[in-house]
Amino acid sequence: MKTPTAERAETTATGETAATAERVETTVEVKLTGHVRSAAGTHRTEFTFEGETLRAFLDAFFAAYDVRDLVIAEREADATTRGWARVERPPGTWRKNPEGEQTRPYARVLVNGVFNENLDGFDTRLEDGDRVALMKPFLFCL
């Protein structure tokens, strides 16, 4: 259940009363691994933030914990790693977040166990009790 903050009434210069927009707070369970865990000093925490998207969560979480640079790549070049075989047309459906919303090599953001790029990226809606994982390193082997 979303937790709305108190709605306030404001009086305008003409004496009319206008209600300000209701703000929503969301509480999620955050799991951290590897370097993110070490930098944050914990492997699990409950985190309440204003908003209801992954983007709002990440902004608030990174303001509270200085781990943004471990997870988020600002440029496309920071999101790739050397050594991978170049594939012109990979099999299946591959999704990629836009530049500035990609993760660093070997880092991932998951919502309820699903990579965020397989959902709605940073616009993924979060509900109270959702699990958000910030992982680095994330390794996947076939």
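As named in an unreviewed UniProt entry, the chain is MoaD/ThiS family protein, taken from Haloferax chudinovii.

With that settled, the discussion passes to the overall build of the chain. Along the chain, the regular secondary structure elements total three helices and 10 strands. Listed by position from the N terminus, the elements making up the chain come as β-β-β-β-α-β-α-α-β-β-β-β-β. Out of the 142 residues belonging to the chain, those deemed buried represent 35%. The long-range share in the chain, meaning contacts at least 24 apart out of those at least 6 apart in sequence, stands at 59%. Carbon together with sulfur atoms contributes 49% to the accessible area of the chain, which is approximately 9,400 Å² in total.

This paragraph deals with the nonpolar core. In this structure, L54, F57, F61, F62, L126 and L134 are the most contacted members of the largest nonpolar core, which totals 22 residues. Counting residues per element, the ones that place at least two in this core are β4 (24–33), α1 (34–40), β5 (44–50), α2 (54–64), β8 (108–111) and β10 (131–136). Of all the elements, α2 adds the most residues to this core, at six residues.

Among the structural elements, T53 can be located in the loop between β5 and α2. Among the polar contacts made by the side chain of T53, one reaches the main-chain amide nitrogen of A56 at a distance of 3.1 Å.

This part covers the environment of M135. Summarising the element assignment, M135 is placed in strand β10. Along the sequence, M135 and A107 sit 28 residues apart, while their C-alpha atoms lie 5.4 Å from each other. Setting aside anything within four residues of it in sequence, one finds M135 in contact with T33, Y106, A107, R108 and L110.

Turning our attention to α2. Along α2, the residues classified as buried are L54, A56, F57, L58, F61 and F62. Where the residues of α2 are buried, they touch β4, β5, α3 (68–71), β6 (72–73), β8 and β10.

As for its position among the elements, N116 is in the loop between β9 (114–115) and β10. By relative accessible area, N116 is classed as buried at 0%. A sequence separation of 16 residues divides N116 from V132, and the C-alpha atoms of the two residues are 9.5 Å apart. Every residue in contact with N116, bar those within four places of it in the chain, is listed here: L54, N97, V109, G121, F122 and T124.

By the definition in use, this model includes seven salt bridges. Between E50 and R23 there is a salt bridge, and its shortest N-O distance comes to 3.5 Å. In this pair, E50 sits in strand β5 while R23 sits in the loop between β3 (17–19) and β4, placing the two residues 27 residues apart along the sequence. Put simply, R68 and E74 hold a salt bridge, and the shortest N to O gap is 3.2 Å. Given a relative accessible area of 28%, R68 falls into the partly exposed group. Taking relative accessible area as the criterion, E74 reaches 42% and is therefore assigned partly exposed. Several salt bridges converge on common partners, so that one network encompasses E29, K31 and R44.

The rules behind the values
- Residues numbered from 1 in each chain as written.
- Predicted model: local features only at pLDDT ≥ 70, side-chain atom pairs only at ≥ 80, totals over all residues.
- Heavy atoms only, no water.
- Helix = DSSP H or I, 4+ residues; strand = E, 2+ residues; numbered from the N terminus.
- Buried < 20%, exposed > 50% of the residue type's maximum accessible area, 1.4 Å probe, protein only.
- Contact = heavy atoms within 4.5 Å.
- Areas by Shrake-Rupley, 256 points an atom, 1.4 Å probe, with all protein chains shown as cover.
- Core = buried A, V, L, I, M, F, W, Y, C linked by side-chain atoms within 4.5 Å.
- Polar contact = N/O pair within 3.5 Å; in protein donor to acceptor, adjacent residues only side chain to side chain.
- Salt bridge = Lys/Arg side-chain N within 4 Å of Asp/Glu carboxyl O.

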